[in-house]
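An overview of the molecular structure
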Amino acid sequence: MGYGREGLDSLKAIPLFANVDDPHLEAIAEHLIERRYPRKTTIVEEGLAGDYMYVIREGQVKVTKLSEDGREKILQFLDGGDFFGEMALLDRSPRSASVKTLQDTRVLALSRTDFIHCIEDNPAVAMAVIQELSRRLREADAQASSLSFDCVKDRAKGLFLRLARELVEEGARRATPQLTHQQIADMIGTSRETVTRVVKELKQECWLAQEGKRYLVAEAH
Ligand code: CMP
């Protein structure tokens, strides 16, 4: 894939490649494969072997796991600049979760061999991967302790704050992706009815607002 100056600059806007120098970035760019997936496509399937990792250029995906009773539990939403599918390549275990597109999504795919070489040749990429894995582990730890120690309302608040990433209204508020009450219930370990009650309370307290299926929280939180 050919990358001019503009292409290299756009790669540097991706946190994974932000601190890589131009000659190394040009070498990496030769191995990146651009792929487009329509909305509602499964890119990575839980339990299967994995050969590629992906960096999102444009679009949005959800990371999900199947529960024992066959329900889909959302672990995370990822969008432009985020990466996924690295775990199966690093530890040669099956895919830890499924990744599905919520919108038409454009990714850069890197094969296992090229990803491992990229990490070996570029400490800056290795550091970016490690930092992101640390961040995800912190988040998982925080969620685990929230599930054990927080009341449902605090768990709901924590979830809305974690998922509200998109800035709206000139920075005044942030919006979550679209969520159903059942999805929220599965993420915070409660019933759909309890979520309906808690959401109503949070709206009455003006802590939360809703726009269609998206939830808005104040940027200052
Ligand atoms: P892999 O196990 O190869 O395939 C599924 C991917 O989902 C995984 O790599 C990670 O990239 C991603 N993933 C799994 N769990 C989380 C999480 N808690 N937060 C963000 N991404 C995750």
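Scroll up to find the structure this text is about.
Presented here is a report on the structure given in the accompanying data block. (Residues numbered from 1 in each chain as written. Predicted model: local features only at pLDDT ≥ 70, side-chain atom pairs only at ≥ 80, totals over all residues. Heavy atoms only, no water.)

Helix and strand counts for the protein chain come out as 8 helices and 12 strands. Computed over C-alpha atoms, the radius of gyration of the protein chain comes to 19 Å, within 12% of the 17 Å expected from 2.2 N^0.38 for 221 residues, which places it in the range of a compact globule. Expressed along its principal axes, the backbone C-alpha trace of the protein chain runs to roughly 55 × 40 × 30 Å. The buried share among the 221 residues of the protein chain stands at 42%. A separation threshold of at least 6 residues defines the contact pool for the protein chain, and within that pool the share at least 24 residues apart is 69%. Carbon and sulfur atoms make up 50% of the accessible area of the protein chain, which totals about 12000 Å². Computed over 32 positive and 36 negative side-chain charges, the separation of the two mean positions in the protein chain equals 6 Å. (Helix = DSSP H or I, 4+ residues; strand = E, 2+ residues; numbered from the N terminus. Rg over C-alpha atoms; globule rule 2.2 N^0.38 Å. Buried < 20%, exposed > 50% of the residue type's maximum accessible area, 1.4 Å probe, protein only. Contact = heavy atoms within 4.5 Å. Areas by Shrake-Rupley, 256 points an atom, 1.4 Å probe, with all protein chains shown as cover. Lys, Arg positive; Asp, Glu negative; His and termini not counted. Charge placed at Lys NZ, Arg CZ, Asp CG, Glu CD.)

Looking now at the environment of Gln-131. Looking at the element boundaries, Gln-131 is found in helix 5 (residues 123–149). The exposed category is assigned to Gln-131, whose relative accessible area is 51%. Along the primary structure Gln-131 and Leu-16 are separated by 115 residues, whereas in three dimensions their C-alpha atoms are 9.8 Å apart.

This is a description of form; function is not addressed.
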